[in-house]
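Notes for the structure review
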Amino acid sequence: MREATIRLEDVAADLAQDRATPRATKSLNRRGAPLAAPAAQLALLDSLPLRAEFAALAQGLAPAKLEIFQVNLGKLCNMTCKHCHVDAGPDRTDAMMDDATVDLVLAKIRASSAHTVDITGGAPELHPRFRDVVQAAFDAGKQVMDRCNLTVLLLPRNAGLVEWLAERNVEIVASLPHYRRPNTDAQRGDGVFERSVRALRNLNAAGYGKGDPKKRLTLVSNPAGAFLGASQAVVEREWREGLQKNFSISFDRLLVLNNMPISRFLEWLQDSGNLEAYLERLVNAFNPAAVDDLMCRNTLSVGWDGRLYDCDFNQMLDLELSLPAGPHVRDLDEEAWQNRRIVTARHCFGCTAGAGSSCGGQTA
Amino acid sequence: MENYFKSQHLADFGKISDASPELGKKFFDYYGAVFAEGALTAREKSLIALAVAHAVQCPYCIDAYTLDCQSKGVDLEQMTEAVHVAVAIRGGSSLVHGMQMREHAQKAGM
């Protein structure tokens, strides 16, 4: 049953009025910043003196079986974090998946061999058709993941959403830079940590994060600065103790991601004088063992406009797939997809540094 | 040599082995083993290193272990508390020597 139609304009108007969600910055797009253009980001990365190129180091990178159908519903978000690789924000109604594309995506999900549908954004929960997408993927027997910024769950229009997601066994993959306030607020805005804690308590109350595989709560941490993430296993132990002791919060697993040198994090690297050193750090930490489990191998990434990519990062850089029928979801053919060449550039060093970094966490 | 301290020294530290490879290898192997996960976590060891770096006032070590602690998820408040541990021990160490001063003073004074 289709819920009452939600209009994007109403969601955007709510966000414009929202004074409760802290915001760390404004989108590059809204500021008219030069790095809003993907070509400018790629040119900046290409201008750096690096001692190696990604393609030469990761020669064994080849497609694997399709497992994850990732859909980016668009760039609208209630927050504007400093490190956002999407350049998302409350102003980004310009980049939202339209109805026709949503319908096309749902048809492809039903026909897909992927076992998991990974829904991302922006804050995907703000897309007017978010519940349609979840319901269709659930009905098609897919495991559904919601990449959630936590604070979005506290917006009045999302009252009851946690329980609704729980009924459909949706895994909540929640971003939280750190289990203590300072580094979380530095990256996401003053007061975000407190609201994230409230949202996590709501999730726990709905049965999430308590070892039930049907109500899995995954936390995603990323470094608050120009350095790599710590060892996932060690960090998970520390977070478990810290969140339990200080806030009585439990979760099922923790993923540690590196920050990709693109979009707003790229701008921050440049403005803070960290750009060259960070890229050097990524190249020096290149780990061949991290290549095997990179998400680009088993993930199809669909952009808000229906175009296809190897990952959400390539999507933000306009590095679309080269498929015989063209890079659009309407022409998707899994066999052709299987034989594609994975598109890489210098930002890919972010995914192979140290213990590796993928939408599924560390890879080595 | 224009400056006693250069940040490049840190990146080039490995070259110290050039003139004495065997001792260099022993030192760096030992160093690596010290900082591995053990009865103490690597994170705890990095915080100790950060505090000691301040006690011995080594700019190279402060640079290296600030970044290392950050990479291990230590935030500024936690790092600052570690530095205060070094400060307290340094200060306390001076002050507790005051007990020697008192003994000398008591012996020589009337």
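Source: prediction; values computed, not measured. (Residues numbered from 1 in each chain as written. Chains lettered and ligands numbered in written order. Predicted model: local features only at pLDDT ≥ 70, side-chain atom pairs only at ≥ 80, totals over all residues.)

**Points about the overall build of chain A**
Where we set the bar: Each helix is a run of H or I in the DSSP string that is no shorter than four residues. Each strand is a run of E no shorter than two, and both are numbered from the N terminus. With C-alpha atoms as the basis for the radius of gyration, the globule rule is written as 2.2 Å multiplied by the number of residues raised to the power 0.38. Counting other C-beta atoms within 10 Å of a residue's own tells you its class, since 20 or more makes it buried, 12 or fewer makes it exposed, and anything in between is partly exposed; those C-beta atoms are placed from the backbone. Note on contacts: residues are paired as contacts if their backbone-placed C-beta atoms lie within 7 Å.
Tallying secondary structure elements over chain A gives 16 helices and eight strands in all. The C-alpha atoms of chain A give 19 Å as radius of gyration, which agrees with the globular expectation for 364 residues (21 Å, within 12%). For chain A, the C-alpha atoms occupy an extent of roughly 50 × 45 × 40 Å along the three principal directions. Within chain A, the fraction of its 364 residues that count as buried is 50%. Residue pairs in contact within chain A that sit at least 24 positions apart in sequence constitute 76% of those at least 6 positions apart.

**Some thoughts on the interface of chain B and chain A**
Interfaces are often sized by the amount of accessible area the parts lose when they come together. Just so we agree on the cut-off: Gly is placed with the polar residues, together with every amino acid not listed as nonpolar (Ala, Val, Leu, Ile, Met, Phe, Trp, Tyr, Cys and Pro) or charged (Asp, Glu, Lys and Arg).
The interface is formed by 11 residues belonging to chain B together with 12 residues belonging to chain A. Broken down by secondary-structure element, the contributors of at least two residues to the side of chain B that touches chain A are α3 (42-55), α4 (59-71) and α5 (76-108) of chain B. Here the side of chain B that touches chain A gets three residues from one element, more than from any other, and that element is α4 of chain B. For the side of chain B that touches chain A, a count of residues per class yields three nonpolar, four polar and four charged.

**Focus: the sheet that holds strand β2 (residues 116-120) of chain A**
All names here are of chain A. Here is the rule: Here the rule is simple: two strands pair whenever DSSP picks up at least two bridges between them.
Reading across the sheet, the eight strands line up as β6-β5-β4-β3-β2-β1-β7-β8 and stay open at both edges, with mixed pairing between neighbours. The outermost strands of the open sheet, each flanked by one partner alone, are β6 (253-256) and β8 (308-309). Two elements, strand β1 (residues 68-72) and β2, share five bridges in a ladder whose sense is parallel. Paired with valine 71 across the bridge in β2 is isoleucine 119.

**Focus: the environment of valine 144 of chain A**
Residues and elements named next belong to chain A. Examined against the element boundaries, valine 144 turns out to sit in strand β3 (residues 143-148). When the C-alpha atoms of valine 144 and leucine 165 are compared, they prove to be 9.4 Å apart, with 21 residues separating the residues in sequence. Residues within four places of valine 144 in sequence aside, it is in contact with Val117, Ile119, Val134, Ala137, Phe138, Arg168, Val170 and Glu171.

**Re the pairing of β6 of chain A**
Successive side chains on a regular strand alternate, one facing one side of the sheet and the next facing the other. Residues and elements named next belong to chain A. Our working rule: A clockwise course of the path from the first strand over the helix to the second, judged with the strands pointing away from the viewer, identifies a crossover as right-handed.
Sheet topology places strand β5 (residues 217-221) next to β6; four bridges connect them, and they run parallel. Directly across from leucine 219, in β6, lies its bridge partner leucine 254. For the crossover from β5 across helix α10 (residues 232-247) to β6, the handedness is right-handed.

**As for the confidence of the model for chain B**
All names here are of chain B. Quick reminder of the rule: Think of pLDDT as the predictor's per-residue confidence, scored from 0 to 100.
For chain B, per-residue confidence averages 95 on the pLDDT scale, and residues scoring 70 or more make up 100% of the total. Considering each helix and strand of chain B separately, the mean pLDDT is smallest for helix α1 (residues 8-11), with a value of 90, and largest for α5, with 97. Model confidence for the complex is summarised by a pTM of 0.89, with the ipTM given as 0.70.

**So, the nonpolar core**
One broad trend across soluble globular proteins is that nonpolar side chains are buried collectively. Put simply, the rule is: Linking buried Ala, Val, Leu, Ile, Met, Phe, Trp, Tyr and Cys residues through C-beta atoms within 7 Å yields a set, and such a set is a nonpolar core.
One finds Val71, Val117, Ile119, Val133, Ile172 and Ala174 of chain A to be the most contacted residues of the largest nonpolar core, which totals 102 residues. Per-element accounting of this core gives the leading share, six residues, to helix α9 (residues 192-205) of chain A. Those residues within four positions of valine 71 of chain A in sequence are excluded, and the remaining contacts are Val105, Val117, Ile119, Val133 and Val302 of chain A. Leu50, Tyr65, Cys69 and Val74 of chain B belong to the second-largest nonpolar core, a separate cluster that totals eight residues.

**Some thoughts on the packing of helix α5 (residues 99-111) of chain A against helix α6 (residues 130-139) of chain A**
Residues and elements named next belong to chain A. In plain terms, the rule: Each axis is a line fitted through C-alpha atoms, and for a helix only the stretch in contact is used; angles between axes span 0 to 180 degrees, taken between their N-to-C directions. Should an angle fall under 35 degrees it is called roughly parallel, over 145 degrees roughly antiparallel, and 65 to 115 degrees roughly perpendicular, with every other angle called oblique. Crossings are sorted by hand: turned counterclockwise from the far helix by less than a right angle, the near helix makes the crossing left-handed, and turned clockwise it makes it right-handed.
Contact geometry for α5 and α6: axes closest at 9 Å, N-to-C directions at 15°. It follows that α5 is roughly parallel to α6 by the angle criterion. Here the hand of the crossing between α5 and α6 comes out right-handed. Here Val102, Leu106 and Ile109 of α5 lie close against α6, whose contacting residues are Asp132, Val133, Ala136 and Ala137. Its residues placed into classes, the contact of α5 with α6 shows six nonpolar, no polar and one charged.

**Things to note about the packing of α3 of chain B against α5 of chain B**
Residues and elements named next belong to chain B. At a closest axis distance of 8 Å, the pairing of α3 and α5 adopts a crossing angle of 45°. As the angle between them shows, α3 and α5 are arranged oblique. In terms of crossing hand, the pair formed by α3 and α5 is right-handed. Contacts between α3 and α5 involve Leu47, Leu50, Ala51, Val52, His54 and Ala55 on the former and, on the latter, Met79, Ala82, Val83, Val85, Ala86, Ile89 and Arg90. Of the residues that constitute the contact of α3 with α5, the class distribution is 11 nonpolar, one polar and one charged.

**What about unusual backbone geometry?**
Residue and element names in this part refer to chain A. A cis geometry characterises the amide bond from glycine 121 onward to glycine 122, with omega recorded as 25°. Along the chain, glycine 122 falls in the loop between β2 and α6. For leucine 150, which is not a glycine, the phi torsion comes out positive at approximately 75°. Here leucine 150 lies in the loop between β3 and α7 (161-167). Judged by local crowding, leucine 150 falls into the buried class, with 24 C-beta atoms found within 10 Å. Of note in this structure, aspartate 318 is not a glycine but carries a positive phi near 60°. For aspartate 318, the position within the fold is in the loop between α14 (312-316) and α15 (334-338).

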